Structures are given as structure tokens and as C-alpha cells.
Amino acid sequence: MSNMILLGTRKGTVIVDRTNSTWQPRPIEHAGIPVCYAARDPRDGTLWASLDHGHWGPKLSRSRDGGSTWQDVLSLKYPEGARYIVKVLPTPDFDPLAPAGQPEYADATVYKIWTIAFGTADQPGKLYAGTIPGGLFVSDDGGETWQLNRPLWNHESRGGDLFAGDATSENRWFGTPASIDYGVFEPGIHSIVIDPRNPDHLYVAVSSAGVIESTDGGLTWTGRNRGMLNDYMPNPEAEWGHDPHFVAACAGQPDHLWQQNHCGVFFSDDGAQNWRKVSSPDSGVHFGFPIAVDAQDGRTAWVVPARADMARMAIGGGLCVARTTDGGQSWQSKRNGLPQAHAYDIVLRHALDVAGDLVCFASTSGNVYLSDDRGETWQCLGNNFPPVYSVRFG
Amino acid sequence: MPTVEMTSHLYQFFPVLENRTISVPAGSVAQVLQHVNDIAPGFTDYVLDDRGALRRHVYVCINETIVFDRKTLSDYVSDESVVYIFQALSGG
């Protein structure tokens, strides 16, 4: 059973330890620095934090002594020649009937290291990092060096190999705000799923493009968005342009994957070959950011429903966690111990986690809640944390 | 030799640069920053992006003049100059 929770917050990394039956936060690490993701590598216990410096660029920080001391890891860098097609947003004088111009290109620079993922137990030192603007970086030496996965970067859905020259296909990836740099709006990789049965089998999720799968260790990639809906787009069933908020798989049943986006909760039980919507606005489960899946039962998942889309706050002023145990056919609202009045929290995509019977989530209002009975009852671990970006059991 | 001064914010990450006079050989801004990086490995990752350009919210002045070439850092720093490295301010 887990005895540690890592919080990535607007003001640093907070580690919460369990001693006997109580959970106690330590003094904050990386004080004053936004931490967009923090997690523990289950293979060797190394702690990782993704620092989202406002001025000094994204950095990875690593602790090999359980969080007592932290060291910077060499910065991830895009290789020379890495470019992407800039999505030019329409202006008031935009003429939709004018002939399309040539694409605009930008040299890639890392705006955010949005997530970190760990290889399987038989891949010591294998790490993945997902960035804005849409780069998957891989390390084979525990984070000492990193390489951009070029097949994904050069994917035809992004315009093809821009190292080699001009675009050879249309860019179908849209953007997401990179908070460190106001005005930057580029694709971002926030979810990396590694199949525990086969480390060459990977999924990544991109805001705003969709889910992409590799079965050959990242040499080739195929979009996996069949059944997804974009009900705010001209073509709701378009292959690309989806905005998965987070994608998670069941460790014990890796063909069971879940995601939530602007249009509902989606479930796949065939390895993302097909997705189906398993929520409806009337059910109270529709919009939200995070999703967590049970490690053994792929039909059991948790979400934190929110008011869509322009509101992005708790529904009706009361916080709840919704749980399904039947693949999304039905959802149960869990509220015991959560505030049911004057709650305006929003829980971001990495800020919900499950470990056995433990469930923890935290909000941008600085509230952290924990359940030790799979969501039936909740206790508050604190109300005055900085805005929380990520929650991960260690 | 030119000297380099910087926002105290950077001392948080590079304490080796604090409470000392940082003197480096004259040359381009790029060379000056590289010399600072030799003293404090990793320093350029904080002020330069993937392409070696100044990060968007980082400013460098030679004496009282903001450097012109933010991309390749070719502005020349002479022997008598002081290079200042500072950050954009934001409100709260």
C-alpha cells in the first residue's frame, strides 16, 4: 500500500507521508517554482518533478534520496532542425474564401514538460517525457540524456518530416495553452501509456490531436480515435483534432483504456481500436479533466465531474467523485466527506490518482482530499495548499 | 575584463555565482554567457532556449543598452563593460 503522495503545485512540490494512519505534508520543495507534474519511479524509488519556471525554461528535477535533496537534470532540447507548423488563428479580417497560403514554420523549443512516464520493470533507466509543443522525449539512461522521438514528431498528421523540408501533408494537430509563455498555443503531450505486457507498445495522447499508438517501440505511430466525438467541430467524427484531457489504462487489463474530454467520458476495451462514449450531460458525468482506472479491473474508473465548458468548476457548488464499476454503463456519485456548498474547485488532468483502495484528488483551489475506501468516504488533507496541478501516489 | 551581474533569483540555482565578482574575457554575449556557464555548469540552460537564443522573459544589457541580437547573441562586450542579466517582471 502506498505511503506517499506527491503534489505538483503552483508553488513547488509537496510530499505527503503516511505515518501509521495519518498523512502529514512535508515542507515544500522547489519553493516558489511551478511544478506541473511530480511522480515516483516505482522501479528504483527516484522522485521526479517537472519544473515550469516562468523565466528560466522547463526543467526536470530528480531526487534519489526520497525527496531530501533534488538535482537538476540536463535540459531536454529539440535537435537542430526540429520545426513544426504554426497554427495561425483567424483574425477579424480573415477571409475564409482566400486561397490557402504556405504554412508557417517555427523552430521548436520546449515550453513545458507536461508529463513523465516510466518504462517497464525490465527496462531500467527508460523514461519518457511529453512536452509542449508536442514532442515525445525518450531517455535510456535514467534521464542523463534525452532524444526526441522523430517518427511521432514527423508524423503525417503534423505535416510530415519537416527536418527534410517543407510539409508533405496537412497539419491536423491543434494547440493547447503553454502557461509559462502567454500567447503560446501549441500541441501538448500529457499522457504516455506503456503496456506492461510489451514495452514496445505505447500510447500517447495529445491536446489537441488525439490518441496515437505505436506497437514497435516508437518507430511508427497510428492514430486511434475511432469512436471519439468532437461535437463542437464541423465534423464531430473527424480523425484528428480531439482533445483528450487524460488517457489512462488498466495495468492488469491494458486493453481497457479510458479518457475524458470536452464531450464526455470514453472507454475502450479493445486497446483503443474503438472508443465509445459512456457518459451523458444529464447523468452528471460529462465534462472533466482527470480520470483514474483501477489497477486490476479495467471496467472500474473514477472521474471528478465539472460544469462544462466555459464554467469549469464544481457542479452545483458541491464536490463529488463519480465511480463506475461496469465500464461506464452506470456511475455512482461519491460525496461523503466532500464539501457540498460553496465549492468552486476544478481538478486538473493529472490531479487524481488511485492506488489500491486509496483515491486522492486535489484542486486548483488548494484543497486535497483522500479516500481509503475507493471513494466511499473522504477526508481533507488540507485547504491551503497552492493550486494543485498533479497528484500521484508514490 | 568585463564583469557580469545578474538577478539574485539566479543565485538560488547557482550559489557558486553569489558573493563574487564574475570577470570573463571580452567577446560576444554568447561567449560571455558560455564563460559564466563554465563557472556554473547548466547556467546557459536557464537563460537560453533550445536554439541558443535568449529566453523570452530574459533580458541582457551591456552597460545600459539592451542587447540587440537576442537570437545569436553577437553583440560585442568590451573590456570595460558590465553585462547585466535580469528577468521580466510580472504583476500579482
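Draft legend 1. Structural detail: the overall build of chain A. Secondary structure summary: chain A contains one helix and 32 strands in total. Taking 394 residues into account, the globule formula puts the C-alpha radius of gyration at 21 Å, and chain A, at 20 Å, falls close to it. Across its three principal directions, the C-alpha atoms of chain A cover 65 × 50 × 40 Å. Every one of the 394 residues in chain A was classed for burial, and the buried ones make up 49%. Residue pairs at least 24 apart in sequence account for 51% of intrachain contacts in chain A once pairs closer than 6 positions are excluded.

Draft legend 2. Region of interest: the overall build of chain B. Counting secondary structure elements, chain B contains two helices and seven strands. In chain B, the succession of helices and strands from N to C terminus is β-β-β-α-α-β-β-β-β. The C-alpha radius of gyration computed for chain B amounts to 12 Å, which stays within 12% of the reference 12 Å derived for 92 residues, consistent with globular compactness. Counting only C-alpha atoms, chain B reaches 40 × 30 × 25 Å along its principal axes. Nonlocal contacts in chain B, meaning residues at least 24 apart in sequence, comprise 52% of its contacts between residues at least 6 apart.

Draft legend 3. Summary view of helix α1 (residues 29-39) of chain B. Listing the buried residues of α1 of chain B in full gives Val29, Val32, Leu33 and Val36 of chain B. Projected down its long axis, α1 of chain B carries its buried residues within an arc of 95°, all on one side.

Draft legend 4. Region of interest: the nonpolar core. Formed by 108 residues in total, the largest nonpolar core has its most connected members in Leu7, Val204, Ala351, Phe361, Ala362 and Val391 of chain A. In contact with Ala351 of chain A, not counting residues within four places along its chain, are Pro290, Phe361, Ala362, Val388, Tyr389, Ser390 and Val391 of chain A. Counting 18 residues, the second largest nonpolar core, distinct from the first, contains Leu10, Leu33, Val60 and Ile85 of chain B.

Draft legend 5. How the structure looks around the pairing of strand β6 (residues 58-63) of chain A. Residues and elements named next belong to chain A. The sheet contact formed by strand β5 (residues 47-52) and β6 spans six bridges and is antiparallel. Counterpart to Trp48 in the pairing with β6 is Arg62. Linking β5 back to β6 in an antiparallel pair, the connection comprises five residues, with Gly57 at a positive phi of about 85°. Relative to strand β7 (residues 71-73), β6 is paired through three bridges, and the arrangement is antiparallel. Counted as the bridge partner of Arg62 is Gln71 from β7.

Draft legend 6. Inspection of the pairing of strand β16 (residues 188-194) of chain A at higher detail. Residue and element names in this part refer to chain A. Among the seven residues that make up β16, seven are buried, leaving the element largely enclosed by the rest of the structure. The pairing of β16 with strand β17 (residues 202-207) spans six bridges and is antiparallel. When the bridges of β17 are listed, Ile194 appears paired with Leu202.

Draft legend 7. Representation of the confidence of the model for chain B. Per-residue confidence for chain B averages 94 on the pLDDT scale, and 97% of its residues sit at or above 70. For this predicted complex, the interface score ipTM comes out at 0.90, alongside a pTM of 0.94.

Draft legend 8. Main features of the sheet that holds β6 of chain A. Residues and elements named next belong to chain A. Sheet architecture is open: four strands sit in the order β4-β5-β6-β7, paired in antiparallel fashion. Either end of the sheet is taken by a strand with one partner, and the two such strands are β4 (35-40) and β7. Sheet twist, expressed as the average angle between the axes of neighbouring strands with direction ignored, equals 25°.

Draft legend 9. Broad picture of unusual backbone geometry. All names here are of chain A. With an omega dihedral of 15°, the bond running from Ile132 to Pro133 counts as a cis peptide bond. Put simply, Ser207 and Ser208 share a cis peptide bond, and its omega is 5°. With respect to the secondary-structure elements, Ser208 resides in the loop between β17 and β18 (210-214). With a phi close to 55°, His342 is a non-glycine residue in the positive phi region. Note on His342: 8 C-beta atoms within 10 Å, which makes it exposed.

Draft legend 10. How the structure looks around the environment of Pro386 of chain A. Residues and elements named next belong to chain A. With respect to the secondary-structure elements, Pro386 resides in the loop between β31 (379-382) and β32 (388-393). As a C-alpha pair, Pro386 and Asn367 span 19 residues in sequence and 8.5 Å in three-dimensional space. When near neighbours in sequence (up to four residues on either side) are disregarded, Pro386 contacts Thr9, Arg10, Lys11 and Gly366.

Draft legend 11. Quick look at the interface of chain B and chain A. Between chain B and chain A, the contact holds 12 residues from the first and 13 residues from the second. Its residues placed into classes, the side of chain B that touches chain A shows three nonpolar, three polar and six charged.

Draft legend 12. Representation of the sheet that holds strand β4 (residues 58-62) of chain B within the structure. Across the sheet, which stays open at both edges, the five strands sit in the order β2-β1-β7-β4-β5 (chain B) with mixed pairing between neighbours. Looking at which strands have only one partner, the edges of the open sheet turn out to be β2 (22-23) and β5 (65-66) of chain B.

Draft legend 13. Fine view of the environment of Asp326 of chain A. Among the secondary structure elements, Asp326 of chain A is positioned in the loop between β26 (321-324) and β27 (332-334). Counting along the chain gives 27 residues from Asp326 of chain A to Arg299 of chain A, while the straight-line C-alpha distance between them is 5.3 Å.

Draft legend 14. How the structure looks around the environment of Pro34 of chain A. All names here are of chain A. Note that Pro34 resides in the loop between β3 (22-25) and β4. Taking C-alpha positions, Pro34 is 22 Å from Tyr344, a pair spaced 310 residues apart along the chain. When near neighbours in sequence (up to four residues on either side) are disregarded, Pro34 contacts Arg10 and Asp52.

The rules we used
Residues numbered from 1 in each chain as written. Chains lettered and ligands numbered in written order. Predicted model: local features only at pLDDT ≥ 70, side-chain atom pairs only at ≥ 80, totals over all residues. Helix = DSSP H or I, 4+ residues; strand = E, 2+ residues; numbered from the N terminus. Rg over C-alpha atoms; globule rule 2.2 N^0.38 Å. Buried ≥ 20, exposed ≤ 12 C-beta atoms within 10 Å, placed from the backbone. Contact = placed C-beta atoms within 7 Å. Arc of directions from axis to C-beta. Core = buried A, V, L, I, M, F, W, Y, C linked by C-beta atoms within 7 Å. Pairing = 2+ DSSP bridges. pLDDT = per-residue confidence, 0-100. Axes fitted to C-alpha atoms, helices over the stretch in contact; angles between N-to-C directions. Nonpolar A, V, L, I, M, F, W, Y, C, P; charged D, E, K, R; others polar.

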